[in-house]
Amino acid sequence: MTDPILQAKGLVKRYGRVTALDHCDFELMPGEILAVIGDNGAGKSTLIKALSGAVIPDEGEVWLEGKRVNFQSPIDARENGIETVYQTLAMSPALSIADNMFMGRELRKPGFAGKFLRKLDRPAMEKFARQKLSDLGLMTIQNINQAVETLSGGQRQGVAVARAAAFGSKVIILDEPTAALGVKESRRVLELIQDVKSRGIPIILISHNMPHVFEVADRIHIHRLGRRLTVINPGDYSMSDAVAFMTGAKEPEREAA
Ligand SMILES: Nc1ncnc2c1ncn2[C@@H]1O[C@H](COP(=O)(O)OP(=O)(O)OP(=O)(O)O)[C@@H](O)[C@H]1O
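Analysis parameters
Residues numbered from 1 in each chain as written. Predicted model: local features only at pLDDT ≥ 70, side-chain atom pairs only at ≥ 80, totals over all residues. Pairing = 2+ DSSP bridges. Helix = DSSP H or I, 4+ residues; strand = E, 2+ residues; numbered from the N terminus. Axes fitted to C-alpha atoms, helices over the stretch in contact; angles between N-to-C directions. Core = buried A, V, L, I, M, F, W, Y, C linked by C-beta atoms within 7 Å. Buried ≥ 20, exposed ≤ 12 C-beta atoms within 10 Å, placed from the backbone. Contact = placed C-beta atoms within 7 Å. Near = placed C-beta within 6 Å. Nonpolar A, V, L, I, M, F, W, Y, C, P; charged D, E, K, R; others polar.

A.B. asks: Provide a residue-level description of the sheet that holds strand E4 (residues 59–64), including the pertinent values.
C.D. replies: Spatial ordering of the open sheet is given by E2-E1-E4-E5, a layout of four strands whose pairing is antiparallel. The open sheet has two edge strands with one neighbour each: strand E2 (18–28) and strand E5 (67–69). Taken over all neighbouring pairs, the strand axes of this sheet differ in orientation by 30 degrees on average, direction set aside. Note: strand E1 (residues 6–15) against E2, eight bridges, orientation antiparallel.

Take a look at the structure:
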């Protein structure tokens, strides 16, 4: 059997009296799209934050590629190849697409100019940004120097996903990527998710949108009351079964081990 690329065992996170994660297990397999679904307040965001360094769990373990990790910050997780695209996109609207793709990891000019004068290597950054967007079929965006605020919601989400795919060598986490988008834009982002997957990068997709989840997910992690209730294959269950498991209206035959 293949080993998970990213795994969590017995995660606990308490906020005062609220137990957001209650001995939660998690497994992401190489190359898969794993959806994480659950009712409001079930603890999905907290799980994702614990996997991406934004929250430090009170108990439990996180393993990446078979090695125990203890991420202290999102930057730490990022340096280890885990990229997260949050619902509230962390982008600077007034900056260009190229600048947004590099935020915090700009390329400097070679030699003295870059090392000491901190001069940016703009041509190299633009070339890289253009390449990444075109790899993902996003070149409907004409001008890489266009400010992000002039893009549509779907295009922005596309830039954020392209940025994650460009740097996230191991795992990409997408938090509600289609929540704010129209039908056409959502479609494009779903295609983008599949493109990223076809390039071998596994994806964790948090979503409340059942049709989107059932369309793209290989497996669905159902979260309830701070823990993994079960993992289902979308082919084996209906959307209403999934919602019933999520809300507790129905119990799965087999709980997660
Ligand atoms: N920073 C915090 N301080 C206090 N309580 C928190 C904090 N973050 C989350 N919680 C609580 O932990 C529980 C789980 O929240 P979380 O945001 O992880 O759920 P969720 O499944 O992502 O919900 P939603 O689908 O509504 O975004 C909730 O009861 C929430 O109120």
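A.B. asks: I'd like a description of the nonpolar core, backed by residues and values.
C.D. replies: Of all hydrophobic cores here, the largest spans 61 residues; its most connected members are Val161 and Ile204. Broken down by element, the residue count for this core peaks at six residues, all from helix H6 (residues 153–167). Other than its neighbours up to four places away in sequence, Ile204 contacts Leu28, Leu34, Val36, Ile48, Val171 and Ile173.

A.B. asks: Please give an account of helix H1 (residues 44–51) that cites residues and values.
C.D. replies: Among the eight residues of H1, seven are classified as buried, and the element is accordingly described as predominantly covered. Among the residues making up H1, those that are buried are Lys44, Thr46, Leu47, Ile48, Lys49, Ala50 and Leu51. Of the residues one or two after H1, Gly53 is the one with positive phi, at around 85 degrees.

A.B. asks: A description of the site of the ligand should follow, citing residues and the corresponding values.
C.D. replies: If you check the shell around the ligand, you find Tyr15, Val18, Ala20, Gly38, Asn40, Gly41, Ala42, Gly43, Lys44, Ser45 and Thr46 and nothing else. Sorting the residues of the shell around the ligand by element identifies E2 and H1 as the ones contributing at least two each. Of the residues forming the shell around the ligand, the biggest block, three residues, is contributed by H1. A class-by-class count of the residues in the shell around the ligand yields four nonpolar, six polar and one charged.

A.B. asks: Outline unusual backbone geometry, listing residues and values.
C.D. replies: The phi dihedral of His23 falls on the positive side, at around 55 degrees, and the residue is not glycine. Tracing the backbone shows His23 in strand E2. In the Ramachandran plot, Glu176 falls in the positive-phi region, its phi being about 50 degrees despite a non-glycine side chain. Within the element layout of this structure, Glu176 appears in the loop between strand E7 (171–175) and helix H7 (183–198).

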